[in-house]
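# Fold and contact review
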Amino acid sequence: MPQGKGDTPLSSAGKLSFASLGSGSKGNATLVSDGETSVLVDCGFGLRETERRLARLGVHPRQLDAVLVTHEHGDHLRGVGPLARRHGVPVYLTPGTWLSGRLGEVPQRHWITPQARFAVKSLVIDPITVPHDAREPVQFRFESRGCHLGVLTDLGHPSEHVIEAFRGCDALILECNHDRHMLEIGPYPPQLKRRVGGNWGHLANIQAAALLQHLGLDRLQRIVCSHLSEHNNRPELALEALTPLLDGDASRLTIAAQDSGLQWQAIR
């Protein structure tokens, strides 16, 4: 029988936890739950694939209290409308993302105002404006029972605003999109290379490392490398860029893969 509201909780009771359905240019979706409230950040997979990946993590769509949308690019938005219409899940997004016209009608729509904190039941959420080539993109910081999780992907550079907004997290899902050398010699046409590597594109491994240095590492229990490019990065390169910041101890680092995602991670 499919699970529904009130069935087995998505994460350990009282603990802020997260998981990834998959992360990369073919689709992105992140689950966040504190055992009482569960939300999906983005849904870049088709409906059937989303349902399959949710089931792999022990989740039925009816257990979701909301889908939060970061921006309108297809690898983040593709499945949002179908999921919301099929299962009645409320959708939270900025007016700019809605005005892209790529979502279609949804049964319950809620506006996000960047920099204006809001709550979905027990989860307190800060939507943070980021530099990315979309209409009104945001990323999210979550708080529950004193624990803080940052979801920070799809930004072109680590701006001062972003650094200030994501300080003090206990766990961070961080874009490590490309290795600059691989992007330079890779198969993308010059215009796309400039877009990806520009200030409004995606974060390089070396930029992710610089951002972590500014944020500070003492409090971070888990650092998840996400949104790795299939053509312009490799997991070992992302890990190599970040491991030196941790005195060579990579136990706090992990990868959110495109196909396998990431199993549930609980924040202590």
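Scroll up for the structure.
A count of helical and extended segments in the protein gives nine helices and 14 strands. Relative to its length of 268 residues, the protein is compact, with a C-alpha radius of gyration of 17 Å against a globular reference of 18 Å. Taking the principal axes of its C-alpha atoms as reference, the protein extends roughly 50 × 40 × 35 Å. Split into buried and exposed, the 268 residues of the protein put 59% on the buried side. For the protein, the proportion of contacts with a sequence separation of at least 24, taken over those separated by at least 6, is 64%. Total accessible area computed for the protein in this model is approximately 11200 Å², and 50% of it derives from carbon and sulfur atoms. One finds the centroid of the 28 positive side-chain charges in the protein at a distance of 5 Å from the centroid of its 28 negative side-chain charges.

To continue, consider the packing of helix 1 (residues 47-56) against helix 3 (residues 80-87). Running from N to C, helix 1 and helix 3 cross one another at 75°; their axes reach a closest spacing of 9 Å. As summarised for this structure, helix 1 and helix 3 are arranged roughly perpendicular, according to the angle between their axes. Side by side, helix 1 and helix 3 meet where Leu47, Thr50 and Glu51 of the first sit next to Pro82, Leu83, Arg86 and His87 of the second. Taken together, the residues that form the contact of helix 1 with helix 3 break down as three nonpolar, two polar and two charged.

Here we come to the sheet that holds strand 4 (residues 66-68). One open sheet holds the seven strands; their spatial order is 6-5-4-3-2-1-14, and the pairing between them is mixed. Taken across any chain shown, the strands that pair with only one partner, and hence form the sheet edges, are strand 6 (109-111) and strand 14 (262-266). Averaged over all pairs of adjacent strands, the angle between strand axes in this sheet comes to 20°, irrespective of strand direction. Pairing between strand 2 (residues 29-33) and strand 3 (residues 38-41): four bridges, direction antiparallel. Counterpart to Val32 in the pairing with strand 3 is Val39. Most of the contacts of helix 1 go to strand 1 (residues 17-22), to which it runs at about 140°, and overall it touches strand 1, strand 2 and strand 14.

Over the atoms rolls a probe the size of a water molecule, and its path tells where empty space is left. Space inside the largest pocket adds up to approximately 230 Å³. Along the walls of the largest pocket sit 13 residues, with Ser23, Leu228, Glu230, Ala257 and Gln258 positioned nearest its centre. Its residues assigned to classes, the lining of the largest pocket shows five nonpolar, five polar and three charged. In this structure, the second largest pocket spans a volume of roughly 200 Å³.

How each quantity is defined
Residues numbered from 1 in each chain as written. Predicted model: local features only at pLDDT ≥ 70, side-chain atom pairs only at ≥ 80, totals over all residues. Heavy atoms only, no water. Helix = DSSP H or I, 4+ residues; strand = E, 2+ residues; numbered from the N terminus. Rg over C-alpha atoms; globule rule 2.2 N^0.38 Å. Buried < 20%, exposed > 50% of the residue type's maximum accessible area, 1.4 Å probe, protein only. Contact = heavy atoms within 4.5 Å. Areas by Shrake-Rupley, 256 points an atom, 1.4 Å probe, with all protein chains shown as cover. Lys, Arg positive; Asp, Glu negative; His and termini not counted. Charge placed at Lys NZ, Arg CZ, Asp CG, Glu CD. Axes fitted to C-alpha atoms, helices over the stretch in contact; angles between N-to-C directions. Parallel < 35°, antiparallel > 145°, perpendicular 65-115°, else oblique. Nonpolar A, V, L, I, M, F, W, Y, C, P; charged D, E, K, R; others polar. Pairing = 2+ DSSP bridges. 1 Å grid on protein atoms, 1.4 Å probe; cavity = no way out; pocket = protein on both sides within 12 Å on 5 of 7 lines; lining within 4 Å. Points joined across faces, edges and corners; volume = space filled by probe spheres on them.

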